[in-house]
Amino acid sequence: MQTLRILTLLSLLLGVAGSALADKAILAGGCFWCMESDFEKLPGVTDVISGFTGGTLPDPTYNVDHEGHYEAVEITYDPQKVSYRQLLDYYWVHIDPFDAGGQFCDRGHSYQSAIFVANSSERTVAEESKRQVAARFPGQTVVTPILNATTFYPIKGDESYHQDYARNNPVRYNYYRWSCGRDQRLKAIWGEQAGH
């Protein structure tokens with residue numbers, strides 16, 4: 001019995017220690033397949049989940065109704081390996097911050113870019129990063145909003161094929177990404193920094 005108590009205590013302590021090394025960020029940047037694939041390549045990111053956020057409709061779905069929601073990703077990361085600011089620096093060069101109508105070939109509200117902040121500290125960092133992007137492009141307007149985080153709804157059930165879509169369907173994903181013009185537009189905006 002004593003051994004069981006010790007093991008239970010150890011697992012609780014390890015769980016707390018493990019969660020102390022993980023933070024989450026929610027970002028929208030058009031197609032969640034692309035955002036998921038891009039952020040999975042960033043060192044320090046441990047998990048990326050596709051889903052919806054920002055709207056009021058409970059339990060949105062891809063095929064039935066997600067009106068008012070953004071396609072977004074929930075990124076789990078180790079803040080000892082990558083900071084929230086570094087996540088945002090990476091985010092900016094993977095989106096078109098000047099497009100108010102969506103991202104690349106995907107049009108409409110659900111494909112717009114947005115940064116969802118969980119607290120005042122994240123808001124301060126996000127606002128500073130947005131100011132720096134705006135300063136870099138003085139003739140253009142950065143339209144990506146900084147919004148308060150709301151419930152994130154992961155894609156699930158019959159629509160789970162959207163999770164890890166790029167990894168599980170590389171030919172279809174690469175064709176979609178190329179035909180959508182995502183990388184071409186990113187290079188036009190960010191130059192050699194695009195995609196890095």
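Please refer to the structure placed before this passage.
Residues numbered from 1 in each chain as written. Predicted model: local features only at pLDDT ≥ 70, side-chain atom pairs only at ≥ 80, totals over all residues. Heavy atoms only, no water.

Caption draft 1: Geometry of the pattern of salt bridges. One pass over the full model with this rule turns up 11 salt bridges. Across the salt bridge formed by glutamate 40 and arginine 167, the nearest N and O atoms sit 3.0 Å from each other. Of this pair, glutamate 40 sits in helix H2 (residues 32–40) while arginine 167 sits in helix H5 (residues 165–168), and the two are 127 residues apart along the sequence. Classification of arginine 167 as exposed rests on a relative accessible area of 54%. With its nearest N and O atoms 3.7 Å apart, the salt bridge here joins glutamate 127 to arginine 123. Taken together, the positions of glutamate 127 and arginine 123, both in helix H4 (residues 120–136) and 4 residues apart, correspond to about one turn of that helix. Look at the salt bridges and you will find they share partners, linking Asp38, Arg177 and Asp183 into a network. (Salt bridge = Lys/Arg side-chain N within 4 Å of Asp/Glu carboxyl O. Helix = DSSP H or I, 4+ residues; strand = E, 2+ residues; numbered from the N terminus. Buried < 20%, exposed > 50% of the residue type's maximum accessible area, 1.4 Å probe, protein only.)

Caption draft 2: Unusual backbone geometry, seen in detail. Phi is positive for aspartate 59, close to 50°, though the residue is something other than glycine. Residue aspartate 164 is not a glycine yet carries a positive backbone phi of 55°. Relative to the assigned elements, aspartate 164 resides in the loop between strand S8 (153–154) and H5.

Caption draft 3: Representation of the state of the cysteines. Under the counting rule described, the total for this entry stands at 1 disulfide. Here cysteine 105 pairs with cysteine 180 through a disulfide, and the sulfurs are 2.0 Å apart. Across the S-S bond of cysteine 105 and cysteine 180 the torsion is about -105°, and the bridge reads as left-handed. Taken together, the positions of cysteine 105 in the loop between strand S4 (102–103) and strand S5 (106–107) and cysteine 180 in helix H6 (residues 170–180) put the pair 75 residues apart, joining distant regions of the chain. Given the relative accessible area of 41%, cysteine 105 is considered partly exposed. With relative accessibility at 9%, the residue cysteine 180 sits in the buried group. Between cysteine 31, a free cysteine, and cysteine 34, which holds the nearest cysteine sulfur, the sulfur-to-sulfur gap is 4.0 Å. (Disulfide = S-S within 2.5 Å.)

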